[in-house]
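A structural walkthrough
Residues per chain, in single letters:
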Amino acid sequence: MKILILFLSILFLSIPDLTFAQVATTTAADSAQLYLVVKNDGTEYIGKILSDDGREVLIETENLGKIYIPKSDIKSMKKIDSKDVVAGGVYNGAGPFTTRYCFTTNALPIVKGENYLMTNLYGPEVHFALSNNFSLGIMSTWIASPLVVAAKYSFRTKKEKLNFSVGTLLGTSGYLNSFRGFGGLHFANVTIGDRMKNLTFSAGYAYVKSGFNSTVYEEGTYYYDGNTSPSFFSTTTLGNSPLAGGPIFSVAGIIKVGAKASFVFDSMFGVFSQDQYVLQTTELTPPDFNANPSTSGTYKTVISKDKATISALLIMPGMRFQTQEDRAFQVSLAGVVVARQYGGNSTFPFPMCSWFRKF
């Protein structure tokens, strides 16, 4: 009984100390940690949290000094690294947008829990981080066809500013062409630098089969005159378009040029080949319409298969503006050059606007 009374006495005397421990919410170690406090209206504050009593937070900022913020006005609070704070007290954390340029991606991973939506003029795409190194995405147009699935796995190295990744894009033409078309791009890349300033080199192999109707000939040599229909008249085969494919390369990068702005550069170069029929017609005897009877001439046509080569170059510089941690806007002005082996070269602009949103 005396032991029980002694235990209760010690417990009673320790209650004030326990209560005090619950009230003191900020330790000396915590006060040295930087926090990003985001209010419901989007206003951001960066500073050290001096106290948090559950109703309001006292934060000490570099520019504004000490500020009391009601907890009901706070959307989120998170610890940040001082190296992510640039001039003017602006936070530029990792975020999922730093893994993208315009079209291409870099070797940096999307951190689990930081998924993002990228909306373009031609359609949306969404990417999910299933782990800290692996992500899956879906890309499409505003009419939901074609449809592409994207996957990327990143490899971290002992050097913080050197990363590798491999990825793939697999797509279908969708309902627009009765799902007869398909394509893919398998790639690997290396990124040098951090999330605020980096350079990426990529290489891969791309292929596509449109699934449209194609013309089919029987290879060989054919002789005929002008009054006779040649026996090699073509036939149309549904969805029998030839497969086009070849290597593709990219150099891309990003660099901060202001507190909320970054210069983005993207490029792609590919050489693609595709089977096609080549018809070479030779006039053996010319027609003579003055003869009696007139003659229509004779001809020879040789039909063979050959590889047609198409080279394409895309250069896309742009600017990205990240006004808040969870959203950004990007505008790019691109030029595309297409060179075909059998003529028909072309160049055209390809402007692009993109909206990023983390969720």
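Treat the numbers as computed from the prediction; the structure is a model and nothing was measured.

1. A word on the overall build of the chain
- Tallying secondary structure elements over the chain gives two helices and 24 strands in all.
- Counting all 359 residues of the chain, 35% fall into the buried class.
- For the chain, restricting intrachain contacts to residue pairs at least 6 apart in sequence, the fraction spanning at least 24 positions comes to 54%.
- Of the roughly 20,700 Å² of accessible surface on the chain, a fraction of 63% belongs to carbon and sulfur atoms.

2. Observations concerning unusual backbone geometry
- Note the cis peptide between Ser-145 and Pro-146, where omega equals 0 degrees.
- Phi at Ser-178 takes a positive value of approximately 55 degrees, unusual for a residue other than glycine.
- The topology assignment puts Ser-178 in the loop between β12 (162-172) and β13 (182-193).
- Here Phe-179, not a glycine, exhibits a phi torsion of approximately 60 degrees, which is positive.
- Looking at where Phe-179 falls in the secondary structure, it is placed in the loop between β12 and β13.

3. Examining the pattern of salt bridges
- Going through the model one piece at a time under the given rule, you end up with eight salt bridges.
- In this structure, the salt-bridge partner of Arg-100 is Glu-125, at a minimum N-O distance of 2.5 Å. Of this pair, Arg-100 sits in the loop between β7 (90-91) and β8 (116-120) while Glu-125 sits in strand β9 (residues 124-129), and the two are 25 residues apart along the sequence.
- Owing to a relative accessible area of 5%, Arg-100 belongs among the buried residues under this scheme.
- Accessibility expressed as a relative area gives 3% for Glu-125, which makes it buried.
- A salt bridge links Asp-326 to Arg-327, with the shortest nitrogen-to-oxygen separation between them at 3.3 Å.

4. Let's talk about the sheet that holds strand β4 (residues 65-70)
- Taken in spatial order, the five strands line up as β4-β3-β2-β1-β5 in an open sheet, and their pairing is antiparallel. Of all the strands in the sheet, just β4 and β5 (74-80) have a single pairing partner and so form its edges. Pairwise comparison of adjacent strand axes, ignoring direction, gives a mean angle of 45 degrees for this sheet.
- Judged from the five bridges that link them, strand β1 (residues 34-39) and strand β2 (residues 44-52) form a sheet pairing that is antiparallel. The partner of Val-38 across the bridge, within β2, is Glu-44.

5. Here's the deal with the packing of aromatic side chains
- Enumeration according to the criterion identifies eleven aromatic pairs in this entry.
- Relative to Tyr-153, the ring of Phe-134 has its centre 6.5 Å away and its plane inclined at 40 degrees; by these criteria the two rings are tilted. Here Phe-134, found in strand β10 (residues 134-140), pairs with Tyr-153, found in strand β11 (residues 147-156); they are 19 residues apart in sequence, far enough to count as distant.
- What makes Phe-134 partly exposed here is its relative accessible area of 28%.
- Measuring from centroid to centroid gives 5.0 Å for Tyr-153 and Phe-155, while their planes differ by 65 degrees, and the two rings are edge-to-face.
- Its relative accessible area of 35% is what places Tyr-153 among the partly exposed residues.

The rules we used
- Residues numbered from 1 in each chain as written.
- Predicted model: local features only at pLDDT ≥ 70, side-chain atom pairs only at ≥ 80, totals over all residues.
- Heavy atoms only, no water.
- Helix = DSSP H or I, 4+ residues; strand = E, 2+ residues; numbered from the N terminus.
- Buried < 20%, exposed > 50% of the residue type's maximum accessible area, 1.4 Å probe, protein only.
- Contact = heavy atoms within 4.5 Å.
- Areas by Shrake-Rupley, 256 points an atom, 1.4 Å probe, with all protein chains shown as cover.
- Salt bridge = Lys/Arg side-chain N within 4 Å of Asp/Glu carboxyl O.
- Pairing = 2+ DSSP bridges.
- Axes fitted to C-alpha atoms, helices over the stretch in contact; angles between N-to-C directions.
- Phe/Tyr/Trp six-rings, centres within 6.5 Å; stacked < 30°, edge-to-face > 60°.

That's the geometry; what it means functionally is another story.
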